[in-house]
Amino acid sequence: TRAKRSLIMADFDYSKAKKLLEENKVPSVKKILIQLREFFSLLTLGLESSVSTKDLTDAFGWVSREVRVQHDAHELNRILIDAIERSLKDTKNENLVNKIYQGQMVSRTLCLHCETCSERKENFLDAIIQVQNHKDLEESLKNHCKSEYLVGGNQYL
(Lines give C-alpha, C1' and ligand atoms only; values in the text may rest on other atoms or scores of the structure.)
Protein backbone atom coordinates (compact mmCIF):
# COMPACT_ATOMS: atom_id res chain seq x y z
CA THR A 1 0.00 0.00 0.00
CA ARG A 2 1.01 3.63 -0.36
CA ALA A 3 1.34 4.10 3.41
CA LYS A 4 3.70 1.13 3.73
CA ARG A 5 5.82 2.43 0.87
CA SER A 6 5.92 5.88 2.50
CA LEU A 7 7.19 4.43 5.77
CA ILE A 8 9.78 2.34 3.96
CA MET A 9 10.80 5.40 1.92
CA ALA A 10 11.36 7.19 5.23
CA ASP A 11 13.84 4.41 6.05
CA PHE A 12 12.45 4.59 9.59
CA ASP A 13 14.02 8.01 9.95
CA TYR A 14 12.15 9.77 12.76
CA SER A 15 11.87 13.21 11.15
CA LYS A 16 10.75 11.80 7.80
CA ALA A 17 8.32 9.44 9.49
CA LYS A 18 6.91 12.28 11.60
CA LYS A 19 6.32 14.30 8.44
CA LEU A 20 4.49 11.34 6.94
CA LEU A 21 2.37 11.15 10.08
CA GLU A 22 1.54 14.84 9.95
CA GLU A 23 0.48 14.45 6.34
CA ASN A 24 -1.70 11.45 7.31
CA LYS A 25 0.19 9.15 4.97
CA VAL A 26 0.79 6.47 7.60
CA PRO A 27 -1.93 4.14 8.88
CA SER A 28 -2.78 4.34 12.58
CA VAL A 29 -1.11 1.01 13.40
CA LYS A 30 2.14 2.50 12.15
CA LYS A 31 1.51 5.70 14.15
CA ILE A 32 1.56 3.72 17.38
CA LEU A 33 4.88 2.09 16.56
CA ILE A 34 6.43 5.34 15.33
CA GLN A 35 5.23 7.28 18.38
CA LEU A 36 6.55 4.59 20.72
CA ARG A 37 9.90 4.76 18.97
CA GLU A 38 9.94 8.56 19.28
CA PHE A 39 8.90 8.45 22.93
CA PHE A 40 11.58 5.94 23.96
CA SER A 41 14.19 7.71 21.82
CA LEU A 42 13.51 10.96 23.67
CA LEU A 43 13.68 9.16 27.03
CA THR A 44 16.95 7.49 26.05
CA LEU A 45 18.56 10.74 24.93
CA GLY A 46 17.70 12.33 28.26
CA LEU A 47 17.91 15.84 26.82
CA GLU A 48 14.63 16.89 28.41
CA SER A 49 13.55 16.67 32.06
CA SER A 50 10.12 15.40 30.97
CA VAL A 51 8.66 13.96 27.79
CA SER A 52 5.11 14.60 26.61
CA THR A 53 2.94 11.57 25.91
CA LYS A 54 0.34 13.53 23.90
CA ASP A 55 1.44 12.25 20.47
CA LEU A 56 1.60 8.70 21.82
CA THR A 57 -1.87 8.80 23.39
CA ASP A 58 -3.22 10.39 20.20
CA ALA A 59 -1.72 7.50 18.21
CA PHE A 60 -3.62 5.05 20.41
CA GLY A 61 -6.78 6.95 19.58
CA TRP A 62 -7.54 7.78 23.19
CA VAL A 63 -9.73 10.83 23.62
CA SER A 64 -9.56 13.31 26.51
CA ARG A 65 -11.21 11.27 29.27
CA GLU A 66 -9.59 7.99 28.18
CA VAL A 67 -6.16 9.60 28.57
CA ARG A 68 -6.81 10.01 32.29
CA VAL A 69 -7.96 6.39 32.76
CA GLN A 70 -5.26 3.98 33.85
CA HIS A 71 -4.63 1.38 31.17
CA ASP A 72 -3.01 -1.81 32.40
CA ALA A 73 0.11 -3.46 31.03
CA HIS A 74 -1.87 -6.36 29.56
CA GLU A 75 -4.08 -3.99 27.58
CA LEU A 76 -1.02 -2.12 26.28
CA ASN A 77 0.60 -5.41 25.30
CA ARG A 78 -2.51 -6.49 23.37
CA ILE A 79 -2.70 -3.14 21.56
CA LEU A 80 0.98 -3.34 20.61
CA ILE A 81 0.79 -6.97 19.46
CA ASP A 82 -2.31 -6.14 17.40
CA ALA A 83 -0.61 -3.10 15.85
CA ILE A 84 2.48 -5.13 14.99
CA GLU A 85 0.40 -7.95 13.49
CA ARG A 86 -1.57 -5.52 11.33
CA SER A 87 1.58 -3.72 10.19
CA LEU A 88 3.11 -7.05 9.09
CA LYS A 89 0.01 -8.19 7.17
CA ASP A 90 0.75 -9.16 3.56
CA THR A 91 4.53 -9.14 4.14
CA LYS A 92 7.03 -12.00 4.27
CA ASN A 93 7.03 -11.61 8.08
CA GLU A 94 3.25 -11.87 8.44
CA ASN A 95 3.53 -14.73 10.98
CA LEU A 96 6.42 -13.24 12.95
CA VAL A 97 4.38 -12.44 16.07
CA ASN A 98 3.05 -16.00 16.25
CA LYS A 99 6.52 -17.44 15.70
CA ILE A 100 7.90 -15.40 18.58
CA TYR A 101 5.05 -15.22 21.09
CA GLN A 102 2.53 -17.98 20.43
CA GLY A 103 2.17 -20.77 22.95
CA GLN A 104 -0.39 -23.48 23.44
CA MET A 105 -2.31 -24.31 26.58
CA VAL A 106 -3.78 -27.76 27.02
CA SER A 107 -6.69 -28.21 29.42
CA ARG A 108 -7.45 -31.79 30.42
CA THR A 109 -10.53 -32.92 32.26
CA LEU A 110 -10.47 -36.38 33.83
CA CYS A 111 -13.68 -37.95 35.11
CA LEU A 112 -12.87 -39.66 38.40
CA HIS A 113 -15.80 -42.08 37.96
CA CYS A 114 -15.30 -43.43 34.41
CA GLU A 115 -11.70 -42.21 33.96
CA THR A 116 -12.54 -40.58 30.62
CA CYS A 117 -10.14 -37.80 29.75
CA SER A 118 -11.09 -34.93 27.46
CA GLU A 119 -8.54 -32.49 26.15
CA ARG A 120 -8.86 -28.94 24.77
CA LYS A 121 -5.99 -27.05 23.15
CA GLU A 122 -5.92 -23.26 22.90
CA ASN A 123 -3.31 -21.03 21.29
CA PHE A 124 -2.32 -17.85 23.13
CA LEU A 125 -0.01 -14.88 22.65
CA ASP A 126 0.04 -13.87 26.30
CA ALA A 127 -0.67 -15.58 29.58
CA ILE A 128 -2.24 -13.89 32.55
CA ILE A 129 -0.38 -15.26 35.55
CA GLN A 130 -1.17 -14.25 39.13
CA VAL A 131 2.15 -13.16 40.66
CA GLN A 132 0.89 -11.43 43.79
CA ASN A 133 1.35 -13.51 46.96
CA HIS A 134 3.92 -15.79 45.29
CA LYS A 135 7.64 -15.67 46.00
CA ASP A 136 8.67 -15.82 42.32
CA LEU A 137 7.47 -16.48 38.78
CA GLU A 138 8.19 -20.21 39.01
CA GLU A 139 5.84 -20.54 42.00
CA SER A 140 3.21 -18.49 40.14
CA LEU A 141 3.43 -20.79 37.11
CA LYS A 142 3.19 -23.91 39.28
CA ASN A 143 0.09 -22.48 40.92
CA HIS A 144 -1.40 -21.64 37.52
CA CYS A 145 -0.84 -25.20 36.25
CA LYS A 146 -1.92 -27.15 39.33
CA SER A 147 -4.74 -29.67 39.19
CA GLU A 148 -8.19 -28.54 40.17
CA TYR A 149 -11.09 -30.71 41.31
CA LEU A 150 -14.42 -29.87 39.68
CA VAL A 151 -17.07 -30.65 42.27
CA GLY A 152 -20.47 -29.26 43.25
CA GLY A 153 -21.30 -25.96 41.52
CA ASN A 154 -17.84 -26.00 39.89
CA GLN A 155 -18.53 -29.37 38.18
CA TYR A 156 -19.03 -29.89 34.45
CA LEU A 157 -22.33 -31.50 33.58
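Residues numbered from 1 in each chain as written. Predicted model: local features only at pLDDT ≥ 70, side-chain atom pairs only at ≥ 80, totals over all residues. Heavy atoms only, no water.

Undergrad: Kindly report on the overall build of the protein chain, identifying the contributing residues and their values.
TA: A tally of regular secondary structure across the protein chain gives eight helices and two strands. Secondary structure elements of the protein chain, listed N to C terminal, follow the sequence α-α-α-α-α-α-α-β-β-α. Each of the 157 residues in the protein chain was classed as buried or not, and the buried ones make up 20%. Restricting the contact set of the protein chain to residue pairs at least 6 apart, pairs at least 24 apart contribute 31%. Working note: accessible area of the protein chain is about 12600 Å², and carbon and sulfur atoms make up 52% of it. (Helix = DSSP H or I, 4+ residues; strand = E, 2+ residues; numbered from the N terminus. Buried < 20%, exposed > 50% of the residue type's maximum accessible area, 1.4 Å probe, protein only. Contact = heavy atoms within 4.5 Å. Areas by Shrake-Rupley, 256 points an atom, 1.4 Å probe, with all protein chains shown as cover.)

Undergrad: So what's going on with the packing of aromatic side chains? Which residues, and what values?
TA: Enumeration according to the criterion identifies one aromatic pair in this entry. Between Phe-39 and Phe-40, the ring centres sit 5.4 Å apart and the planes meet at 80°, which makes this aromatic pair edge-to-face. Phe-39 gets classed as buried once you look at its relative accessible area, which sits at 16%. (Phe/Tyr/Trp six-rings, centres within 6.5 Å; stacked < 30°, edge-to-face > 60°.)

Undergrad: I'd like a rundown of a nonpolar patch on the surface, residues and numbers included.
TA: Together, Leu-110, Leu-112, Tyr-149 and Val-151 line one region of the surface with nonpolar side chains, adding up to about 490 Å² of accessible area. For Val-151, the location among the structural elements is in the segment after α8 (137-145). (Patch = residues over 30% accessible without salt bridge, like charges linked within 9 Å, V, L, I, M, F, W, Y side chains within 5 Å. Salt bridge = Lys/Arg side-chain N within 4 Å of Asp/Glu carboxyl O.)

Undergrad: Break down the pattern of salt bridges for me, with residues and values.
TA: Summed over the entire model, instances satisfying the criterion amount to three salt bridges. One salt bridge in this structure joins Arg-108 and Glu-119, with 2.8 Å as the shortest N-O distance. One end of the pair, Arg-108, is in strand β1 (residues 103-110); the other, Glu-119, is in strand β2 (residues 117-124), with 11 residues separating them in the sequence. Its relative accessible area of 45% is what places Glu-119 among the partly exposed residues. One salt bridge in this structure joins Glu-122 and Arg-120, with 2.9 Å as the shortest N-O distance. A residue is classified by how much of its surface remains accessible, and Glu-122, at 33% relative accessible area, is partly exposed.

Undergrad: Just give me the short version of the layout of surface pockets, but keep the residues and values in it.
TA: Each pocket or cavity is described by its volume, and for the largest pocket that value is around 1200 Å³. If you trace the largest pocket, you find 33 residues lining it, with Ser-107, Arg-108, Thr-109, Glu-148 and Leu-150 closest to the centre. Mapped by element, the contributors of at least two residues to the lining of the largest pocket are β1, β2 and α8. Here the lining of the largest pocket is composed, by residue class, of 16 nonpolar, 10 polar and seven charged. (1 Å grid on protein atoms, 1.4 Å probe; cavity = no way out; pocket = protein on both sides within 12 Å on 5 of 7 lines; lining within 4 Å. Points joined across faces, edges and corners; volume = space filled by probe spheres on them. Nonpolar A, V, L, I, M, F, W, Y, C, P; charged D, E, K, R; others polar.)

Undergrad: Give me unusual backbone geometry: which residues, what numbers.
TA: We note that Asp-90 has phi near 65°; this positive angle belongs to a residue other than glycine. Within the fold, Asp-90 resides in the loop between α6 (73-88) and α7 (96-101). The class for Asp-90 is exposed, based on a relative accessible area of 64%. The residue Asn-133 is not glycine, and still its phi comes out positive at about 70°. Residue position: Asn-133 is located in the loop between β2 and α8.

Undergrad: Outline the side chain of Ser-140, supporting the account with residue identities and numerical values.
TA: Along the polypeptide, Ser-140 turns up in helix α8. A residue is classified by how much of its surface remains accessible, and Ser-140, at 1% relative accessible area, is buried. Residues contacting Ser-140, with those up to four places away along its chain left out, are Ile-129, Gln-130, Val-131 and His-134.

By themselves, these figures tell us nothing about what the structure is for.
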